[in-house]
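The lines below spell out each chain.
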There are 2 protein chains.
Amino acid sequence: MANIFSNIPSELPNEIFEDIILTDKLRVERIISNGHTSPDNGWYDQSENEWVMVLSGYGVIEYVNGDKFTLKQGDYLHIKANEKHRVIETAANETTVWLAIFY
Amino acid sequence: MANIFSNIPSELPNEIFEDIILTDKLRVERIISNGHTSPDNGWYDQSENEWVMVLSGYGVIEYVNGDKFTLKQGDYLHIKANEKHRVIETAANETTVWLAIFY
């Protein structure tokens, strides 16, 4: 047994991406942010479908068409393969924990 | 966007199992319990691997060898295919929300 909120470093110079499940068909990641956003140079453009939920903190996801969604605890989004998106804001004063399923 | 804690009925005569993602390789379910346990007649014995996390409330999972794990918020377990298990207790005075990934 493990806990999704455990082993979070007190200092987070970079976002952390950790595999929880990894097979050739499926990747489940814990992502930990603290004020981080997507790299300035662009958009996530993935060949897999993604389902992403915020477990603590908050994050703002923007699609290339300008739609923005602020995800707080329990909020989730289905992001289709090759649907370009980026994270434009995450909580600065608390840790944002995401669960992401890529399939 | 949706929220994993939304649309929970106030009365729960039976556990609720809802598909969030369903493909031929992957099933992600929200499970809602309120004092429910596995059927008396036996054990879950699945051909898929399962990863299960408690998001609210708590649940106690027992393996056939007698090992028991009490899962509270954020706790998760990897249950291998055909690893027999059952839920022997869930919170009676609050709703237990589980996220389960079958793959």
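Definitions and cut-offs
- Throughout this description, residue numbers start from 1 for each chain and increase along the sequence as written.
- Numbering of ligands from 1 and lettering of chains from A proceed in the order in which they are written.
- Residue-level local features of this predicted model are given only where pLDDT is at least 70; pairs of side-chain atoms are given and counted only at 80 or more, and the full residue set underlies all totals for whole chains, interfaces and linings.
- Calculated side-chain values reflect all of the structure's heavy atoms, with hydrogen atoms and water omitted.
- The copies were overlaid by least squares, fitting only the C-alpha atoms of residues that reach a pLDDT of 70 or more in each copy.
- We call a residue buried when its accessible area falls under 20% of the maximum for its residue type, exposed when it is over 50%, and partly exposed in between, using a 1.4 Å probe and counting protein chains only.
- Each helix is a run of H or I in the DSSP string that is no shorter than four residues. Each strand is a run of E no shorter than two, and both are numbered from the N terminus.
- Only when DSSP finds a minimum of two bridges between them are two strands counted as paired.
- Distance and chemistry together define a polar contact, namely a pair of N or O atoms within 3.5 Å, with one atom able to donate a hydrogen and the other to accept it when in protein, and with adjacent residues in sequence counting only for side-chain atoms on both sides.
- Orientation is described by lines fitted to C-alpha atoms, with helices fitted over the stretch in contact, and by angles between N-to-C directions that extend from 0 to 180 degrees.
- For this analysis, residues touch if any pair of their heavy atoms sits within 4.5 Å.
- Computed with a 1.4 Å rolling probe, the buried area is the accessible surface lost when two parts are put together, summed over both parts.
- One speaks of a salt bridge when a side-chain nitrogen belonging to Lys or Arg is within 4 Å of a carboxyl oxygen belonging to Asp or Glu.

*Asks:* Quick question: what am I supposed to make of the relation of the copies chain B and chain A here?
*Replies:* Both copies of the chain are placed relative to one another by a rotation about an axis and a shift along it. At an RMSD of 0.0 Å, chain B and chain A line up after a rotation of 180° and a shift of 0.0 Å along the axis. When the rotation and shift are considered jointly, the pair of chain copies conforms to a two-fold rotation axis.

*Asks:* Would you explain the pairing of strand E4 (residues 50-56) of chain A in this entry?
*Replies:* Residues in a regular strand point their side chains to alternate faces of the sheet. Residues and elements named next belong to chain A. With seven of seven residues buried, E4 is to be regarded as a mostly interior element. Here four bridges tie E4 to strand E7 (residues 75-79), and the two strands are oriented antiparallel to one another. The residue bridging Trp 51 from the neighbouring strand is His 78, located in E7.

*Asks:* How do you make sense of the sheet that holds strand E7 (residues 75-79) of chain B when you look at a structure like this?
*Replies:* Paired through their backbone hydrogen bonds, the strands of a sheet run either parallel or antiparallel. Strand order in the open sheet formed by six strands is E1(A)-E7(B)-E4(B)-E9(B)-E3(B)-E2(B), with antiparallel pairing between adjacent strands. Here the strands that pair on one side only, and so sit at the sheet edges, are strand E1 (2-3) of chain A together with strand E2 (16-22) of chain B.

*Asks:* What's the story with the side chain of Ser 33 of chain A in this structure? I'm lost.
*Replies:* All names here are of chain A. Its location among the elements puts Ser 33 in strand E3 (residues 27-33). Exposure remark for Ser 33: the relative accessible area of 0% places this residue in the buried category. Within the local environment of Ser 33, its side chain forms a polar contact with the side chain of Glu 15, the two groups lying 2.7 Å apart. Within the local environment of Ser 33, its side chain forms a polar contact with the side chain of Trp 98, the two groups lying 2.9 Å apart.

*Asks:* Just to check I follow, could you spell out the sheet that holds strand E5 (residues 59-63) of chain B for this structure?
*Replies:* Residues and elements named next belong to chain B. Strand order in this open sheet of three strands is E6-E5-E8, and the pairing throughout is antiparallel. Unpaired on one side and paired on the other, strand E6 (68-71) and strand E8 (85-90) mark the two borders of the sheet. Pairs of neighbouring strands in the sheet enclose a mean axial angle of 25°, with direction left out of account. When E5 meets E6, the two strands line up antiparallel, connected through four bridges. Each bridged residue has a counterpart across the sheet, and for Gly 59 the counterpart in E6 is Leu 71.

*Asks:* So what exactly am I meant to see when it comes to the interface of chain B and chain A here?
*Replies:* The interface of chain B with chain A comprises 26 residues on the first partner and 26 residues on the second. Carbon and sulfur atoms make up 75% of the surface buried where chain B meets chain A, a total of about 2,300 Å² over both sides. A per-residue breakdown of the area chain B buries against chain A is headed by Met 1, Ile 21 and Tyr 76 of chain B, which together make up 25% of the total. Put simply, chain B and chain A have zero salt bridges between them. Taken together, chain B and chain A are joined by eight residue pairs in polar contact (both at pLDDT 80 or more).

The values reported here are purely geometric and, on their own, carry no functional implication.
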